[in-house]
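Structural features, examined
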Amino acid sequence: KTGLNNYIHLKKLGKGAFSEVVLSLDPTSSQKLALKIIKKQLLNLQHQDTKYCLIEAALLKEFDHPNIVKFYETSEDKNAFYIALEYCKGGNLLEKLKILGKFDEKTSAQIMSQIFSAVDYIHKCGVIHRDLKLENILFGKKDKMDVKIADFGSSYRKKYNERPKGIFGTQYCLAPEVFSGFYTEKVDIWSCGIILLMMMTGKYPYFGTCLNEVKEEILALDIKGIQSRIPEASPLLLDFLSSVLDKDTRLRFSAKDALGHPWILCFRRPNL
Ligand code: ADP
Ligand code: MG
Ligand code: MG
């Protein structure tokens, strides 16, 4: 079995720190797919990096949810690890935001409802994504608003005798508690709040250019600051955001709480 090496590479879809994602064609089935190529040259093989790349494939294999990118197969050669994934034709949410400028509340609520549904599912599986951001939310189709969570390369599977710590993920989506040691799956909820804020404003929420500057802005973000960024927001949206971006992790919504909030429910699409 020649496996993933047999695929015909059609075009580059995206790029991350260690990986490249290529639209590929499986000549035997004529099926298009996204091939994530994680180059070993860029990984520190003695280090944790290999572990994260294995965790990504293992988690994707286990998940089965309409709002999580589907896994097909994986392989490895001397140069790289390969993960074959469902091809999401609509590109990522950051690209979409750049095209559209902003999203309206109705569309945002319908997208957030799908994201929280996937987040609720992975949290029930005992997994924290840790890198939820616009670049890791993909659109399944070109002109539809069906989204899928991707990129489980920084994810953490809960263990009974260990708690997660350390800064993973991307500056602008980091939750305040990651700076003070241990944290929980509530970091994902905060990241979803930042994603939503960006969908409403069309802008990054912070101005800082390094982690220390951004950290100060994250720790200072409050409901007044949120409100001033989106003065036209409905009272329901502000109420939703204040619970999703609550710095007190015990008061912050769970994914299930978010799915039950009236701002999500009043825009819910029956066919999703
Ligand atoms: P990294 O871990 O290096 O960030 P990602 O898995 O996030 O890699 O993929 C990088 C980019 O490639 C994404 O932001 C997205 O634009 C694109 N991409 C990833 N997976 C797919 C897919 N299944 N379908 C379409 N585009 C994808
Ligand atoms: Mg990514
Ligand atoms: Mg990654």
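Use the structure listed above.
Residues numbered from 1 in each chain as written. Chains lettered and ligands numbered in written order. Predicted model: local features only at pLDDT ≥ 70, side-chain atom pairs only at ≥ 80, totals over all residues. Heavy atoms only, no water.

Turning to the coordination of the magnesium ion (ligand 2), a few remarks are in order. Within the protein, Asn136 (OD1) and Asp151 (OD) serve as the donor atoms for the magnesium ion (ligand 2), at 2.1 to 2.2 Å. The distance between the magnesium ion (ligand 2) and the magnesium ion (ligand 3) comes to 4.2 Å, with Asp151 serving as a donor to both metals. Here Asn136 is found in the loop between β6 (127-128) and β7 (137-139), whereas its partner Asp151 is found in the loop between β8 (147-149) and β9 (156-157), with 15 residues between them in sequence. (Donors = N, O, S within 2.8 Å, 3.2 Å for Na, K, Ca; no water. Helix = DSSP H or I, 4+ residues; strand = E, 2+ residues; numbered from the N terminus.)

Around ligand 1, 19 residues are found, and the nearest of them are Ser19, Lys36, Glu86, Glu135 and Asn136. Lys36 places a polar side-chain atom, nitrogen or oxygen, 2.8 Å from an oxygen atom of ligand 1. Contacts to ligand 1 include Asn92, whose side-chain N or O atom sits 2.9 Å from an oxygen atom. Within the complex, 90% of the 550 Å² of free accessible area of ligand 1 lies under protein. Residue assignment for the shell around ligand 1 shows that the elements contributing at least two residues are β1 (8-15), β2 (19-26) and β3 (31-39). (Near = heavy atom within 4 Å. Polar contact = N/O pair within 3.5 Å; in protein donor to acceptor, adjacent residues only side chain to side chain. Areas by Shrake-Rupley, 256 points an atom, 1.4 Å probe, with all protein chains shown as cover.)

Direction vectors running N to C along helix α3 (residues 105-124) and helix α4 (residues 186-201) enclose 165°, while the axes themselves pass 11 Å from each other. In terms of orientation, α3 and α4 fall into the roughly antiparallel class. The way α3 lies across α4 gives a crossing that is right-handed. Here Glu105, Ser108, Ile111, Met112, Ile115, Phe116, Val119, Ile122 and His123 of α3 come into contact with α4, specifically with Asp188, Ile189, Cys192, Ile195, Leu196, Met199 and Met200. Here the contact of α3 with α4 is composed, by residue class, of 12 nonpolar, 2 polar and 2 charged. (Axes fitted to C-alpha atoms, helices over the stretch in contact; angles between N-to-C directions. Parallel < 35°, antiparallel > 145°, perpendicular 65-115°, else oblique. Left-handed = near helix turned anticlockwise from the far one by under 90°. Contact = heavy atoms within 4.5 Å. Nonpolar A, V, L, I, M, F, W, Y, C, P; charged D, E, K, R; others polar.)

Keep in mind that these numbers describe shape and distance, not what the molecule does.
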